Amino acid sequence: MNKIKSLDDLKKMRAQAQTGINVREKSIDPASRVQVKVAMATCGIASGAKEIMDFFIEQLDRRSVEAVVTQTGCMGYCYAEPTIEVTLPGQEPVVFGDVDKKRADQIIEMYIKTGELVDGIIPVNYRTIDK
Amino acid sequence: MSKYKMHLLVCGGTGCRASASDAIVENLKKELNNQGLDESVQVIMTGCFGFCEKGPIVKVVPDNTFYTEVKPSDAKDLVEEHIIKGRKVERLLYKDPVKKVTVSDEEGMSFYKKQLRIALRNCGFINPENIEEYIARDGYMAIGQILSENTPEEVIEIIKASGLRGRGGAGFPTGLKWQLTRQTKSDQKYVVCNADEGDPGAFMDRSILEGDPHSVLEAMAICGYSIGADTGLIYIRAEYPLAISRLLTAIGQAREFGLLGKNILGSGFDFDIELKYGAGAFVCGEETALIHSMEGKRGEPSLKPPFPSVEGYLKKPTNVNNVETLANIPAIILKGHKWFSSIGTEKSKGTKVFALAGKINNVGLIEVPMGTTLREVIYEIGGGIKDGKKFKAVQTGGPSGGCLTEAHLDVPIDYENLLAAGSMMGSGGMIIMDEDNCMVSIAKYFLDFSVEESCGKCSPCRIGNKRLYELLDRITQGKAEFDDLARLKNLSEVIKDTSLCGLGQSSPNPVLSTLQYFREEYEAHIIDHKCPAGECKALMVYSILEEHCVGCTACARACPVGAISGERKLVHSIDQSICIKCGACFDKCKFDAVLVQ
Ligand SMILES: Cc1cc2nc3c(=O)[nH]c(=O)nc-3n(C[C@H](O)[C@H](O)[C@H](O)COP(=O)(O)O)c2cc1C
Ligand code: SF4
């Protein structure tokens, strides 16, 4: 390890170190960020939910979107797996079904970035998954 | 972007470690490995989460799930259910004792709702053994910033303007103390961190050192720069091995990164830190005794002045600050004195960490803004009294604080208010008592502590406290006379007025405050020979209710001293002159025939 020799060095070090605990920082005030929940029950996993979750994590990061990607249990839409729920700050959650990489890409570009709705929305009759 | 998608934070405070958090970490890692998830899920051991009542704690982020009372054998379920299948492990979630619902995250827990974490900002969040995690949380930015932008005088002005006061007991304004030490001219000065914390039931400072050691190191460097010192010393009890090892690791890493040592961040400022070990005497927490102990002398207090800021360690000007006081410093520098002084009451700014102990549901470590009421702390954060019992009193300020009652529950907590109510802030121990606690016994318990810990230098403290203890003991035995109450009060006042250090000056507080607020309980012991709370064994009388006794002989067989006689199927009786009041007969009788009075 080289010594940190100046305040600028320290700032660089901080930027680098922050990527390490980013996942934790994001958990502090989730309501202020874009939240993506991927249904990861057996049915979801079988239809590729894991790959979709990785895709979201990677792409949101690459496209500099401040988002928390977490997993959740079965949402009950087994016919439309993989399903994801997206909550924009201050808005009601929206559930998307049959999410493949192409649709995921659309969701990021359209819904998450501009708030425009895209295909595949499942009407939700309850507020959020956890509650 | 880090490769880890998920972090599992496992509490590594002393309490949780005692309940096997090491094994939890190991098992989690093993399970993750088995599932091929070790590349995407990181397991981190952090400092104390504060919620010790329900430890060990495991928190999953980013989805913020808070698992309580986790056992090493739960690792498999956590990995297979939560991480792989994304289903919360219901049985390990926290159940709200009042609302009877399971709560999965901190936001939903009343324990965390009213808290504001400044001194504990990183505890339970970062890995205390990894300096990079501290740096990621703006660690060492405060020292970096002042070294490049501020003169020492400016730093002192910031601390003064923040209104920060010492958290070690006396509440002395921190900025003013730094200024006084700066003003003393000398070729050598010292920064001392007082980590002696030894009040029964207190673990605030220890938890900060275990959970966020770098914040204290950084603050000491800031203090060194401000007062003109290049050496820091941490006085810590040898009996706190975890805190010591985390400190040593932290000091090693800070040196390696050039954040301690020569020419810090190219500024020309040198500062380094060493540990000094104490043997665990309470009085060595008093700053002059602490300094003598560090010098290898007897740990006895000496008369002030000279204050340490003028003549301290090795006769050089020395600034002594408490651990929690220091932990606030980097936050004040980075967020500004206005931010800090906007929190709290008129004369007490910022937050205070308390260790909740005794008959309370949520035993643990909390941090609340000054001005929070005792009721909020006890009922909302603390979750109320254990087993639905009735609140009786709360002892604040450690062994020499006072007992406050129901009538004080709505007092906003700050230095002035606690003093006015007959107690004190002290270092932040809070012991909660319920209807089963006898207040005379409580006073006796604390006096016993002070008698043990008095250094013996002055007679009022050495002999007076012992006499106070004997008087209290007589009362609990039912052998006291009415005039003993006046004796207790007089003697207490003499000890307070004539002792040299804070120990003797405050040790009679538990007696005086219980006398004031629970006088009828003292009188019941003396006049009626009864202990209303039923705690004083010597005052209990066991007898057998003739109409309930069926003569089963169970009590006679249980009695260890043969005090019970009676024929089979006939009423039994207890010989009071032999009875040792152990309660064995009471426990054994199936017919509720043993009466305790
Ligand atoms: C008997 C006695 C024990 C004390 N124990 C401690 C202690 O364990 N930790 C502590 O920080 N201060 C303790 N103090 C207070 C110190 O003397 C001193 O006031 C304090 O360390 C100053 O730091 P502060 O201004 O940051 O609070 C004790 C005082 C007395 C009289
Ligand atoms: S008051 Fe007690 S502890 Fe303090 S110096 Fe005197 S004898 Fe020692």
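These figures come from a predicted structure and were not determined experimentally. (Residues numbered from 1 in each chain as written. Chains lettered and ligands numbered in written order. Predicted model: local features only at pLDDT ≥ 70, side-chain atom pairs only at ≥ 80, totals over all residues. Heavy atoms only, no water.)

Notes on the domain arrangement of chain B
All names here are of chain B.
Point 1. According to the domain assignment, chain B contains domain 1 (6–110), domain 2 (131–341), domain 3 (351–434), domain 4 (439–528) and domain 5 (540–596).
Point 2. A straight line from the C-alpha centre of domain 3 to that of domain 4 covers 22 Å.
Point 3. Taken together, the contacts link 16 residues of domain 3 with 13 residues of domain 4.
Point 4. In total, about 1,100 Å² of surface goes out of reach between domain 3 and domain 4, with carbon and sulfur atoms giving 69% of it.
Point 5. Summed over the three residues of domain 3 that lose the most area to domain 4, namely Lys392, Pro399 and Cys403, the buried surface amounts to 42% of that side.
Point 6. Counting the contacts that link domain 3 with domain 4 gives one salt bridge.
Point 7. A salt bridge links lysine 392 to glutamate 521; the shortest N-O distance between them is 3.0 Å.
Point 8. Along the contact surface separating domain 3 from domain 4 lie six residue pairs in polar contact (both at pLDDT 80 or more).
Point 9. Those elements that place two or more of their residues in the side of domain 3 that touches domain 4 are β13 (391–396), β14 (403–405) and β15 (429–434).
Point 10. Within the side of domain 3 that touches domain 4, the residues separate by chemical class into eight nonpolar, seven polar and one charged. (Domains from an automatic or database assignment. Contact = heavy atoms within 4.5 Å. Buried area = accessible area lost by both parts, 1.4 Å probe. Salt bridge = Lys/Arg side-chain N within 4 Å of Asp/Glu carboxyl O. Polar contact = N/O pair within 3.5 Å; in protein donor to acceptor, adjacent residues only side chain to side chain. Helix = DSSP H or I, 4+ residues; strand = E, 2+ residues; numbered from the N terminus. Nonpolar A, V, L, I, M, F, W, Y, C, P; charged D, E, K, R; others polar.)

Some points on the nonpolar core
Residues and elements named next belong to chain B.
Point 1. Counting 77 residues, the largest nonpolar core has Tyr140, Ile234 and Leu259 as its most contacted members.
Point 2. Among the elements that make up this core, the one with the highest residue count is helix α10 (residues 213–227) (nine residues).
Point 3. Residues lining this core come from more than one domain, with at least three contributed by each of domain 2 (131–341) and domain 3 (351–434).
Point 4. Residues Ile360, Met370, Ile385 and Ile413 belong to the second largest nonpolar core, which totals 35 residues. (Core = buried A, V, L, I, M, F, W, Y, C linked by side-chain atoms within 4.5 Å. Buried < 20%, exposed > 50% of the residue type's maximum accessible area, 1.4 Å probe, protein only.)

Some details on the sheet that holds strand β3 (residues 58–61) of chain B
Residues and elements named next belong to chain B.
Point 1. Spatial ordering of the open sheet is given by β2-β1-β3-β4, a layout of four strands whose pairing is mixed. Either end of the sheet is taken by a strand with one partner, and the two such strands are β2 (41–46) and β4 (65–67). Sheet twist, expressed as the mean angle between neighbouring strand axes with direction ignored, is 20 degrees.
Point 2. In this structure, strand β1 (residues 6–11) lies alongside β2, joined through six bridges in parallel fashion. In the strand pairing of β2, leucine 9 is matched with isoleucine 44.
Point 3. Strands β1, β2 and β3 of the sheet are contacted by helix α2 (residues 21–34), whose axis makes an angle of about 175 degrees with β2. (Pairing = 2+ DSSP bridges. Axes fitted to C-alpha atoms, helices over the stretch in contact; angles between N-to-C directions.)

Points about the side chain of glutamate 521 of chain B
Point 1. In this fold, glutamate 521 of chain B is placed in helix α22 (residues 519–527).
Point 2. Ignoring anything within four residues of it in the chain, the contact list for glutamate 521 of chain B reads Lys392, Asn437, Cys438, Met439, Pro532 and Ala533 of chain B.

Side note on unusual backbone geometry
Residues and elements named next belong to chain B.
Point 1. Cis geometry marks the peptide bond from glycine 55 to proline 56; its omega dihedral reads -15 degrees.
Point 2. Following lysine 304, the chain continues into proline 305 via a peptide bond in cis, with omega recorded as -10 degrees.
Point 3. Topologically, proline 305 is positioned in the loop between α12 (287–294) and β10 (318–322).
Point 4. Positive phi values are uncommon outside glycine, yet tyrosine 140 reaches one of about 65 degrees.
Point 5. Position of tyrosine 140 relative to the elements: it lies in the loop between α5 (131–136) and α6 (141–149).
Point 6. Among the residues examined, tyrosine 140 registers a relative accessible area of 1% and is labelled buried.

A closer look at the packing of aromatic side chains
All names here are of chain B.
Point 1. Per the counting criterion, the structure on display carries 15 aromatic pairs over all chains.
Point 2. With 5.9 Å between their ring centres and 85 degrees between their planes, phenylalanine 49 and phenylalanine 66 make a pair best called edge-to-face. In this pair, phenylalanine 49 sits in the loop between β2 and β3 while phenylalanine 66 sits in strand β4, placing the two residues 17 residues apart along the sequence. Neither residue differs from the other here; phenylalanine 49 and phenylalanine 66 are each classed as buried.
Point 3. Judged by centre distance (5.5 Å) and plane angle (80 degrees), the rings of tyrosine 225 and phenylalanine 269 are edge-to-face. You can see tyrosine 225 sitting in helix α10 and its partner phenylalanine 269 sitting in the loop between α11 (241–256) and β9 (272–278), a full 44 residues away along the chain.
Point 4. For tyrosine 225, a relative accessible area of 16% translates into the label buried. (Phe/Tyr/Trp six-rings, centres within 6.5 Å; stacked < 30°, edge-to-face > 60°.)

Quick word on the site of ligand 2
Point 1. Every one of the 13 residues lining ligand 2 counts as a neighbour, but Cys455, Lys457, Cys458, Cys461 and Cys501 of chain B are closest to it.
Point 2. Looking at side-chain class alone, the shell around ligand 2 contains eight nonpolar, four polar and one charged residues. (Near = heavy atom within 4 Å.)

Structural notes on a positive patch on the surface
Point 1. The grouping of Arg557, Arg568, Lys569, Lys588 and Lys590 of chain B at the surface amounts to a positive patch.
Point 2. Here arginine 557 of chain B is to be found in helix α23 (residues 554–558). (Patch = residues over 30% accessible without salt bridge, like charges linked within 9 Å, V, L, I, M, F, W, Y side chains within 5 Å. Areas by Shrake-Rupley, 256 points an atom, 1.4 Å probe, with all protein chains shown as cover. Lys, Arg positive; Asp, Glu negative; His and termini not counted. Charge placed at Lys NZ, Arg CZ, Asp CG, Glu CD.)

Focus: the site of ligand 1
Residue and element names in this part refer to chain B.
Point 1. Within the structure, ligand 1 sits among 17 residues, and Gly168, Lys177, Asn321, Asn322 and Thr325 are positioned closest to it.
Point 2. Lysine 177 places a side-chain nitrogen or oxygen 2.8 Å from an oxygen atom of ligand 1.
Point 3. Take asparagine 322: an N or O atom from its side chain is 2.8 Å from an oxygen atom of ligand 1.
Point 4. Protein coverage of the free-state accessible area of ligand 1, which is 610 Å², stands at 90%.
Point 5. Among the elements that make up the shell around ligand 1, the one with the highest residue count is β10 (three residues).

Let's talk about the sheet that holds strand β5 (residues 121–122) of chain A
Residues and elements named next belong to chain A.
Point 1. Taken in spatial order, the five strands of this open sheet run β2-β1-β3-β4-β5, and their pairing is mixed. In this open sheet, the two edge strands, each paired with only one partner strand, are β2 (67–72) and β5.
Point 2. Strand direction decides the pairing type here: strand β3 (residues 84–87) and strand β4 (residues 94–96), joined by three bridges, are antiparallel. Bridge pairing links valine 86 to valine 94 in β4.
Point 3. Across the sheet, helix α3 (residues 49–62) lies against β1 (34–39), β2 and β3, angled at about 170 degrees from β2, the strand it touches most.

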